[in-house]
Amino acid sequence: MESRKRKDGNGLNTADVIVKQRVGGRSFRQILPYVCLLPAFLFTVGVLLYPTLKMFHFSFLNWSFGRGYETAEWNGLQNYTWLFASPSSTLFHSLRLTLLYSGVSVVAELGIGLAVATLLNRERIFGRVIVLTGFMIPTLLMPVMVGMMWRMYMYPNGMLSYFLGLVGLKINWYTAEWAMPAVIMIEIWQFTPFFIISLFAGLRAIPDEILDAAAVDGASGWNRFWHISVPYLRPIIVVTAMIRMLWLLKSFDIVYTMFTGGPGSATEILGLSIYRALFLARDIGRSAALSVILAVLTLIVTYIFVRFIYRSREAMERSL
Amino acid sequence: MGRRLQYFSSNRTLLQWHRRLDSIVASLAVWIILILFLAPYLYLIVWSFKRPGDIQAYPPRFLSPLTVENYSQIFADVNIAFFLKNSAIVAGVTTVLSLLLAISAAYSFARFRFLGKDWLAYLFIAIMVAPLISLVYPFLVVANQIGLTDTHMGLVLFYLPWNIPFAVWMLRTFVSDVPQELEDSALVDGCTRMGAFARITAPLLIPGFFTTGVFIFIGAWNEFVIAFFLTSTKARTLPTTIDFFLTYGSFQFAPMFAAGVVSTLPIVACGLLVRRYYLTGTTAGALKG
């Protein structure tokens, strides 16, 4: 512990020294950080541990929903092998849809968000604060109600159909072909503002001197954007995209209220396939196995992004 | 217009005119984009005041008379006040408990160096992002075992694991922003560490508590999956009431519009309350990790 600190080059700070003198021992000072973590730890890990273990446990069972636990049979890895190997398994279909859904949403939100944030960052914008505040609103709305709202608008006699009709478009959103674009569009509508706000904050944080210096050196607007603003924004872009990606991977609400995974299985992303395995196929084991797969997928993405954040932060610190 | 002409006539440089034009065009573009983004929600609000017959009219009747009939219907027939109350209780208790249980951990992460700190931070992040839908059925089983199905406490208990890590993550940055020297000087003056925290740091953290709290409240208010599976009548919250309007093919538009407004407007108001911190909260909270 002691040598670790010296290696960090910071040594003891005053507070540490004082506490050490006051309490008169190393032991209390050493366990204090852990004692402070205890309440939070108990109510997160403590609450989640048993259900998580149950999730793993159930994934090895052959157990029908609605029947007593005593009817459950140990099934080994069969739920997993069925999901990965059976021709009637929708796992890969769901994975593909999930990646499509989250990938397209994040990329589109990032693109539009960056463009609008750059526009907002012009020298003089009338009512900039009001605009920023306004952009907050869609991100705050209850996803279930957002799904319901768009469901009403996308009916053939709904508001969206009317306005699309004005420009000569006639789309039946309730077909296998258009259901996925519909939910992606709703996601983009609701969460592009999240990117706008956070990227705008990032743009604001770029010191004026750097951009001015580049301008004096003769860099064009596009070059300044691409070679100064974007690298500077990179950590914010990654963090925002990470948060969004994780929301999207586990998303359920909007797709559930819009289509409940249908028509057919056109919008059956992973969250929905967990739901469907449980309530339509009434198979607790397979549903739990899908849950494990989703949890692992989420963890992998989180881990990659966390590594990336640490790396980009180190790179930033080195370059400063 | 007059002022612009004046600029021209007083023979200002072309650059200045160019800047002015740039700001007008950019402002106009930004406002149009904003209005496009807000239009669906504004439409929901306006149409919730239209008579049931006008709501589904095609093409839309933009100038039909307004009424509060839909609102009185959801308060009388569906008793939405009951669900509003449930939502408020669950979200409020979740917020307060999350903050209380998270603050010491946030302090620990912000102020101490200890073995395994990075890994514990990872653990909290991993928990914060764990997919709800994966754990819903085990939750249902556990809640049945300990008799917490369809109770406010049951919902709160299962909301905590997601909100505490978020609160730790947010509050940590707020604690870091309070200069260590302030606490150190209190320690020198003879305060205990606890006393220094209570007297010096805690009052400075009030904006942090408030901001974090509002975000937690919004999240808990909007939460659908757990509420949908764990409640049936007594503790049912707002998001799960959409079922009422979705009964077997007959989709009731008019009360749906009103319910949509009732369930979202309080949250929009909450969000506007922390407008200033939405930026600092999301970006600082995310970046410093």
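Look a little higher up for the structure.
Residue positions are given per chain, counting from 1 as you read along its sequence in written order. Chain letters and ligand numbers both follow the written order, the letters beginning at A and the numbers at 1. Owing to the predicted nature of the model, reporting of local features is limited to residues with pLDDT of at least 70; listing and counting of side-chain atom pairs is limited to 80 or more, with chain, interface and lining totals taken over all residues. Each side-chain value is worked out from all heavy atoms of the structure, with water and hydrogens disregarded.

S.K.: Looking at this model, I keep getting lost on the overall build of chain A. Mind explaining?
M.R.: Secondary structure is summarised from DSSP: a helix means a run of H or I of at least four residues, a strand means a run of E of at least two, and numbering begins at the N terminus for each. Each helix and strand in chain A was counted, giving 14 helices and 2 strands. Out of the 320 residues in chain A, the part that is buried amounts to 52%. Pairs at least 24 residues apart make up 66% of the contacts formed inside chain A by residues separated by at least 6 positions. Throughout this description, buried means an accessible area under 20% of the type-specific maximum (1.4 Å probe, protein chains only), exposed means over 50%, and partly exposed covers the range between. Pairs of residues are marked as contacts when any of their non-hydrogen atoms sit within 4.5 Å.

S.K.: What is the right way to look at the packing of helix 6 (residues 128-140) of chain A against helix 13 (residues 253-273) of chain B in this model?
M.R.: Helix packing geometry: the angle between the two helix axes and the distance between the axes. Lines are fitted to the C-alpha atoms to define the axes, a helix being fitted only along its stretch in contact, and any angle between axes, read from their N-to-C directions, falls within 0 to 180 degrees. For the pair helix 6 of chain A and helix 13 of chain B, the least separation of the axes is 9 Å and the interaxial angle reads 135°. Taken as axis vectors, helix 6 of chain A and helix 13 of chain B run oblique relative to one another. Once helix 6 of chain A is placed against helix 13 of chain B, the crossing between them reads as right-handed. Contacts from Thr133, Met136, Ile137 and Leu140 of chain A in helix 6 of chain A reach Ile267, Val268, Gly271 and Leu272 of chain B in helix 13 of chain B. All amino acids are sorted into three groups, where Ala, Val, Leu, Ile, Met, Phe, Trp, Tyr, Cys and Pro are nonpolar, Asp, Glu, Lys and Arg are charged, and the leftover types, Gly among them, are polar. Among the residues forming the contact of helix 6 of chain A with helix 13 of chain B, the class breakdown is 6 nonpolar, 2 polar and no charged. Between 65 and 115 degrees an angle is taken as roughly perpendicular, under 35 as roughly parallel, over 145 as roughly antiparallel, and anywhere else as oblique. Left-handed describes a crossing whose near helix is turned anticlockwise from the far helix through less than a right angle; right-handed describes the clockwise counterpart.

S.K.: Even after reading the chapter, I still don't get the packing of aromatic side chains, so can you show me in this structure?
M.R.: Describing an aromatic ring pair means giving the distance of the ring centres and the angle of the ring planes. Side-chain rings of Phe, Tyr and Trp (the six-membered ring for Trp) are treated as a pair once their centres are within 6.5 Å; stacked means planes under 30 degrees apart, edge-to-face means over 60, and tilted covers the remaining angles. Scanning the entire structure with this criterion turns up 50 aromatic pairs over all chains. Their ring planes at 70° and their centres at 6.1 Å tell us that Trp63 of chain A and Tyr137 of chain B sit as a pair that is edge-to-face. One end of the pair, Trp63 of chain A, is in the loop between strand 1 (61-62) and strand 2 (73-74); the other, Tyr137 of chain B, is in helix 7 (residues 132-145), on a second chain. With respect to class, Trp63 of chain A is no different from Tyr137 of chain B; both count as buried. With centroids separated by 5.9 Å and ring planes inclined at 80°, the aromatic side chains of Tyr107 of chain B and Phe112 of chain B adopt a geometry described as edge-to-face. With respect to class, Tyr107 of chain B is no different from Phe112 of chain B; both count as buried. One aromatic cluster is present, built from ring pairs that chain together Phe58, Trp63, Phe65, Phe252, Tyr256, Tyr275 and Phe279 of chain A together with Tyr137, Phe224, Phe228 and Phe229 of chain B.

S.K.: Honestly, a nonpolar patch on the surface in this entry has me stumped. Any pointers?
M.R.: To count toward a patch, a residue needs a relative accessible area over 30% and no salt bridge; like charges are then connected within 9 Å, while nonpolar side chains (Val, Leu, Ile, Met, Phe, Trp, Tyr) are connected within 5 Å. All accessible areas in this document rest on Shrake-Rupley with a 1.4 Å probe, and a residue is counted as covered only by the protein chains that are shown. What makes a salt bridge here is a side-chain nitrogen of Lys or Arg within 4 Å of a carboxyl oxygen of Asp or Glu, nothing more. A cluster of nonpolar side chains, contributed by Phe163, Leu166, Val167 and Leu169 of chain A together with Phe62 and Leu63 of chain B, occupies part of the molecular surface with about 670 Å² of accessible area. Structurally, Phe62 of chain B can be placed in the loop between helix 3 (52-55) and helix 4 (69-76). Take Phe62 of chain B: its relative accessible area is 41%, and that puts it in the partly exposed class.

S.K.: Would you mind showing me how to read helix 4 of chain B here?
M.R.: Structural remark: α-helix, 3.6 residues per turn; residues separated by three or four positions point the same way. Residue and element names in this part refer to chain B. Of the residues making up helix 4, those classed as buried are Asn70, Tyr71 and Ile74. Down the axis of helix 4, the sector holding all buried residues measures 100°, keeping them to one side. The inward-facing, buried residues of helix 4 contact helix 2 (14-47), helix 3, helix 5 (80-111) and helix 13. The arc in question is traced by the directions running from the helix axis to the C-beta atoms.

S.K.: Any chance you could explain the interface of chain B and chain A here in plain terms?
M.R.: Often the size quoted for an interface is simply the accessible area lost on bringing the parts together. The interface is formed by 103 residues belonging to chain B together with 107 residues belonging to chain A. Here chain B packs against chain A, burying approximately 9400 Å² in sum over the two surfaces, 77% of which is carbon and sulfur. Where chain B meets chain A, there are 1 salt bridge. We note a salt bridge from Arg122 of chain A to Asp22 of chain B, for which the minimum N-O separation is 2.3 Å. Any pair of nitrogen or oxygen atoms within 3.5 Å is treated as a polar contact; in protein, a donor-acceptor pairing is required on top of that, and neighbouring residues in sequence qualify only through side-chain atoms on both sides. Inspection of the chain B/chain A interface yields 13 residue pairs in polar contact (both at pLDDT 80 or more). Looking at the side of chain B that touches chain A, the element that brings in the most residues is helix 2 of chain B, giving 19 residues. Among the residues making up the side of chain B that touches chain A, the classes are represented as 77 nonpolar, 17 polar and 9 charged. The term buried area refers to how much accessible surface (probe radius 1.4 Å) is lost by two components on association, counted for both of them together.

S.K.: Explanation requested: the packing of helix 11 (residues 206-222) of chain B against helix 13 of chain B in the structure shown.
M.R.: Residue and element names in this part refer to chain B. Where helix 11 contacts helix 13, the two axes come as close as 10 Å, and the packing angle between them is 165°. Here helix 13 runs roughly antiparallel to helix 11, going by the angle between their axes. By crossing handedness, the relation of helix 11 to helix 13 is classed as left-handed. Within the contact between the two elements, helix 11 uses Phe210, Val214, Phe217, Ile218, Trp221 and Asn222 and helix 13 uses Ser263, Pro266, Ile267, Cys270, Gly271 and Leu273. For the contact of helix 11 with helix 13, the residue count by class is 9 nonpolar, 3 polar and no charged.

S.K.: I tried to follow the side chain of Thr139 of chain A on my own but got confused; where do I start?
M.R.: For Thr139 of chain A, the position within the fold is in helix 6. In this structure the side chain of Thr139 of chain A is engaged in a polar contact, spanning 2.6 Å, whose partner is the backbone oxygen of Met136 of chain A. If we skip the residues at most four places from it in the chain, Thr139 of chain A touches Gln190, Phe191, Pro193 and Phe194 of chain A together with Tyr278 of chain B.

S.K.: Help me understand the pattern of salt bridges in this model?
M.R.: Pairing is possible between side chains that carry opposite charge, provided their charged atoms lie close to one another. In total, this model carries 8 salt bridges over all chains according to the counting rule given. The salt bridge partner of Arg244 of chain A is Glu109 of chain A, with a shortest N-O separation of 2.7 Å. Of this pair, Arg244 of chain A sits in helix 11 (residues 221-249) while Glu109 of chain A sits in helix 5 (residues 91-120), and the two are 135 residues apart along the sequence. No difference in accessibility class separates Arg244 of chain A from Glu109 of chain A, as the two residues are buried. For Arg51 of chain B, the salt bridge goes to Asp54 of chain B, with nearest N and O atoms at 3.2 Å. Judged by its relative accessible area of 38%, Arg51 of chain B falls in the partly exposed class. One network of salt bridges, in which partners are shared, links Glu109, Glu187 and Arg244 of chain A.

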